[in-house]
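Topology and contacts: notes
Spelled out, the chains give:
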Amino acid sequence: MIVIDAASPTPPYEQLRAQLARQIQDRSLAVGTRLPTVRRLAADLGLAVNTVGRAYRELEEAGLIETRGRAGSFVTAAGDQALEQAHRAARDYATIIARSGIDPAEAIRIVQAALGQPATP
Amino acid sequence: MRQTEHSETRQWLDQHGLTDTEPTPLLATRLAVRRRARLAGDVLLAAFLIGAALTHTLSRLTDAAYSWLPLPLLTALVVGLLVAQWLLRQWVRRVDRRAGAQLPRRVAHPVEFGWSAVLGRPYATFTVAAYTGALALAVSVLPVSDPVLRAGAAVVLIGLVGAGAGIVMQLRQMLTSPAVAEDEASLTAGVIMRVEDARALVTPSLVWSLPAIFLYGESLGWWNAVAIGLVLAGVVAFGLIQTRATAVGATARQAMIVR
């Protein structure tokens, strides 16, 4: 649910941006969810089209949503950017290990040491 | 808010499981305009059926060799019905917009509702099947030699095409109408109203009436049996959908769950 309070000192576009960002980050809005069109949300919330457009633009710049032309705006996986980076690094690491012929158990011990954790027997 | 409006709103909220929600002037206004629009819509439909039946009957009485002149008149009746229905929807929208403009706090759902979430697949399938059945019957009657029957079939075709276009147009209007809500309860109530409006819109009263009224000629034939069969099958199917389909309140809550 998005709430816009006209009496709040926070500008409406910021209220909208902050609420959408929070819902994307806490997964209330799942990756791939299609957001209402700018015009539609503006009508629903009684806001100017430009106000909603600005909030969407900022969310897009933050990588939280992406606009696919006429198909609309969708929630991206960017809310989980850190996790995605970790997966990518792990894949790269696995490739290096496989290429160098290091034993997988040894590879895991290396990671554990890098993380500062005690190695598992 | 008047006492009658308060009690009507309270009753509507209780019916849809919103027992904790207090009747507000916003809800009372929105429900009242819908009640009036629905009543006016029923009157319009009745007027259309009477007008179409009168045109059909008068043309039979005045000319033994059935004239095709009433067709433009019937087309005008269909257009009139569509315009009037559109105006009614616009009236509801205008009242909603005016009520929404006075809210200091506006609430919306971050996900757009599609037709399947609002109308539901069983209702959509039933509506398409009812229209297809009635259209197929009217088209099958066209090659029959009886001119009165042929003209009746043309009336049914015009009426069905017009009513079908009206449903598509009004459903689109309903789905794109802005949400008018000040809190979670009124947002839920708004979605319930949307589901109710959509279900009321697809009730096939015109589809059942047109073939039964217009598909008769000099003598009874298979078409009369099929027309009555369509009505009976339609009533049974519609009854089953209404009893088995998810309740309006539950459908609205399902639609509001973010996927």
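Residues numbered from 1 in each chain as written. Chains lettered and ligands numbered in written order. Predicted model: local features only at pLDDT ≥ 70, side-chain atom pairs only at ≥ 80, totals over all residues. Heavy atoms only, no water.

1. Regarding the packing of aromatic side chains
Residue and element names in this part refer to chain A. Threshold: Each Phe, Tyr or Trp ring (for Trp, its six-membered ring) is paired with any other whose centre lies within 6.5 Å, and the angle between the two planes then decides the class: stacked below 30 degrees, edge-to-face above 60, tilted in between. Two limits define a charge over a ring: the Lys NZ or Arg CZ must be within 6 Å of the ring centre, and within 35 degrees of the ring normal.
Scanning the entire structure with this criterion turns up 4 aromatic pairs over all chains. Here the basic side chain of Arg54 rests over the ring of Tyr13, its NZ or CZ set 3.7 Å away from the ring centre. Geometry around Phe74 places Arg68 over its ring, the cationic atom sitting 4.0 Å from the centre.

2. Observations regarding the layout of surface pockets
Residue and element names in this part refer to chain B. Quick note on the threshold: Method remark: on a 1 Å grid restricted to protein atoms, a set of points is classed as a cavity if a 1.4 Å probe fits but cannot get out and as a pocket if it is open with protein on both sides within 12 Å along at least five of seven lines; lining residues have an atom within 4 Å of a point. Grid points are joined across faces, edges and corners, and a volume is the space filled by probe spheres set on the points. Put simply, DSSP H or I for four residues or longer makes a helix, DSSP E for two residues or longer makes a strand, and each gets a number counted from the N terminus. Amino acids outside the nonpolar list (Ala, Val, Leu, Ile, Met, Phe, Trp, Tyr, Cys, Pro) and the charged list (Asp, Glu, Lys, Arg) are all regarded as polar, and Gly is one of them.
Taken as a whole, the largest pocket spans an internal volume of roughly 560 Å³. Counting residues per element, the ones that place at least two in the lining of the largest pocket are helix 2 (25-62), helix 3 (70-101), helix 6 (147-176), helix 7 (184-201) and helix 8 (205-214). For the lining of the largest pocket, the element with the most residues is helix 2, which contributes 6 residues. Taken together, the residues of the lining of the largest pocket break down into 14 nonpolar, 6 polar and 5 charged.

3. Focus on the interface of chain B and chain A
To be explicit about the condition: Any two residues whose heavy atoms approach within 4.5 Å at even a single point are treated as in contact. The term buried area refers to how much accessible surface (probe radius 1.4 Å) is lost by two components on association, counted for both of them together. Side-chain atoms alone can form a polar contact between residues adjacent in sequence; in general such a contact is a pair of N or O atoms within 3.5 Å, and within protein one must be able to donate a hydrogen while the other accepts it. Pairing between strands is defined by DSSP: at least two bridges between the two strands are required.
Each partner contributes to the interface: chain B provides 20 residues, whereas chain A provides 22 residues. A combined buried area of about 1,600 Å² lies between chain B and chain A, and 54% of that area is made up of carbon and sulfur atoms. Area buried by chain B at its contact with chain A is led by Arg106, Pro110 and Glu112 of chain B, which between them contribute 39% of it. Where chain B meets chain A, there are 9 residue pairs in polar contact (both at pLDDT 80 or more). Among the elements of the structure, strand 1 (105-108), helix 6 and helix 7 of chain B are those that each provide at least two residues to the side of chain B that touches chain A. Among the elements that take part in the side of chain B that touches chain A, strand 1 of chain B stands out by supplying 4 residues, more than any other. Classifying every residue of the side of chain B that touches chain A gives 10 nonpolar, 3 polar and 7 charged. Relative to strand 1 of chain B, strand 1 (residues 2-5) of chain A runs antiparallel, the two sharing 4 bridges. Across the sheet, Asp5 of chain A pairs through a bridge with Arg105 of chain B, a residue of strand 1 of chain B.

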